[in-house]
Amino acid sequence: MASSKETNTVTADSGAPVPLRPVQQFASAQATQAPTENFYEAVGGSETFRRLTEAFYEGVAQDPVIRPMYPEEDLGPAAERLQLFLEQYWGGPRTYSQERGHPRLRMRHAPYVIGAAERDAWLKHMRHAMDVVELSPEHDRIMWDYMVRAANFMVNSSELTMK
Ligand code: HEM
């Protein structure tokens, strides 16, 4: 049931809607000066997401399972797309949608065969990248929960359904 307390949900094509409001409540409960600070700002803004995606793609660049899936030789543009998407998802600037349109992430991943091995490799590098940026335990938990759900949502192939 929609109510004024349940606005601000973001689906971003990444699984079940993720309510942003509890995150904002969390952030404002911690902050004394900035009660409207959102998750993006609370974790350090663009610089944090830049470092996160840089560390993530350093891992991808070395990965024998998923590196071959990335069409471009230079991973820089892919890193920028992921950075802009995550910034937007967590309440930052909406540059991703201005440049790329609606995320439709599951559809955008359809050309790639993503099974358990690919998902696990992706998550391994994301876990490492999150360890590099060192969010607070609570922000880490919230973001990691999202990454796991989003990665599972992107799986489009399994041994059971493959011909
Ligand atoms: C589960 C394993 C995953 C694999 C193997 C994978 C692989 C890929 C590949 C090969 C691309 C194309 C490179 C590019 O053009 O950017 C891509 C794009 C992208 N991926 Fe993933 N991905 C996975 C999960 C995720 C998740 C969980 C997210 C979000 C949290 C995500 C966000 C993106 C974004 C934003 C793009 C760029 C879309 C665009 O604007 O074209 N991916 N991914």
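- An unreviewed UniProt entry annotates the chain as Globin of Natronoglycomyces albus.
- Looking at the chain in UniProt, the text filed under Sequence similarities (unreviewed entry) is "Belongs to the truncated hemoglobin family. Group II subfamily."

Points about the overall build of the chain
Here is step 1 of the chain: Helix and strand content of the chain: eight helices and two strands.
Here is step 2 of the chain: Listed by position from the N terminus, the elements making up the chain come as β-β-α-α-α-α-α-α-α-α.
Here is step 3 of the chain: Of all 163 residues assigned to the chain, the portion counted as buried reaches 25%.
Here is step 4 of the chain: In the chain, once contacts between residues fewer than 6 apart in sequence are set aside, the share between residues at least 24 apart is 64%.

Some thoughts on the site of the ligand
Here is step 1 of the chain: Taken together, 20 residues sit near the ligand, with Ala-78, Arg-81, Phe-85, Trp-122 and Ala-150 positioned nearest.
Here is step 2 of the chain: When residues of the shell around the ligand are traced back to their parent elements, those giving at least two are helix H4 (76-89), helix H6 (105-109), helix H7 (116-133) and helix H8 (137-154).
Here is step 3 of the chain: Among the elements that take part in the shell around the ligand, H4 stands out by supplying four residues, more than any other.
Here is step 4 of the chain: For the shell around the ligand, the class distribution of residues is 13 nonpolar, two polar and five charged.

Things to note about helix H3 (residues 45-61)
Here is step 1 of the chain: Counted at 1.5 Å a residue, the expected span for H3 with its 17 residues is 24 Å, and the 25 Å between its end C-alpha atoms agrees.
Here is step 2 of the chain: Here H3 has its buried residues at Thr-48, Phe-49, Leu-52, Thr-53, Phe-56, Tyr-57 and Val-60. Here the buried residues of H3 occupy an arc of 155 degrees about the axis, which is enough to place them on one side.
Here is step 3 of the chain: Of the surrounding secondary structure, the elements contacted by the buried residues of H3 are H4 and H7.

What about the packing of H7 against H8?
Here is step 1 of the chain: With their axes 10 Å apart at the nearest point, H7 and H8 run at an angle of 160 degrees to one another. As far as their axial angle goes, H8 and H7 are roughly antiparallel. In the crossing of H7 with H8, the sense of the turn from one axis to the other is right-handed. On H8, the residues touching Arg-119, Trp-122, Leu-123, Met-126 and Met-130 of H7 are Asp-140, Met-143, Trp-144, Met-147, Val-148, Ala-151, Asn-152 and Met-154.

Thoughts on unusual backbone geometry
Here is step 1 of the chain: Its identity as a non-glycine residue notwithstanding, Arg-104 has a phi of 40 degrees, on the positive side.
Here is step 2 of the chain: Looking at the secondary structure, you find Arg-104 in the loop between helix H5 (95-100) and H6.
Here is step 3 of the chain: A positive phi is found at Glu-134, a non-glycine position, where the angle reads about 50 degrees.
Here is step 4 of the chain: Its place among the elements puts Glu-134 in the loop between H7 and H8.
Here is step 5 of the chain: Assessed through the 12 C-beta atoms surrounding it within 10 Å, Glu-134 is described here as exposed.

Some remarks on the environment of Pro-64
Here is step 1 of the chain: Residue placement: Pro-64 occurs in the loop between H3 and H4.
Here is step 2 of the chain: Taking the C-alpha atoms as reference, Pro-64 lies 9.3 Å from Ala-121; in sequence the two are 57 residues apart.

Section: H7
Here is step 1 of the chain: Taking 1.5 Å as the rise per residue, H7 with 18 residues should run 26 Å; its terminal C-alpha atoms sit 26 Å apart, in good agreement.
Here is step 2 of the chain: Along H7, the residues that are buried comprise Glu-118, Ala-121, Trp-122, Met-126, Ala-129 and Val-133. Angularly, the buried residues of H7 cover 130 degrees about the axis, an arc narrow enough to put them on a single face. Residues of H7 that are exposed and angled more than 90 degrees away from the buried face: Ala-116, Ala-117, Asp-120 and Asp-131.

Reading the values: rules and limits
- Residues numbered from 1 in each chain as written.
- Predicted model: local features only at pLDDT ≥ 70, side-chain atom pairs only at ≥ 80, totals over all residues.
- UniProt positions renumbered as here; feature names shortened; annotations may be inferred.
- Helix = DSSP H or I, 4+ residues; strand = E, 2+ residues; numbered from the N terminus.
- Buried ≥ 20, exposed ≤ 12 C-beta atoms within 10 Å, placed from the backbone.
- Contact = placed C-beta atoms within 7 Å.
- Near = placed C-beta within 6 Å.
- Nonpolar A, V, L, I, M, F, W, Y, C, P; charged D, E, K, R; others polar.
- Expected span 1.5 Å × (residues − 1).
- Arc of directions from axis to C-beta.
- Axes fitted to C-alpha atoms, helices over the stretch in contact; angles between N-to-C directions.
- Parallel < 35°, antiparallel > 145°, perpendicular 65-115°, else oblique.
- Left-handed = near helix turned anticlockwise from the far one by under 90°.

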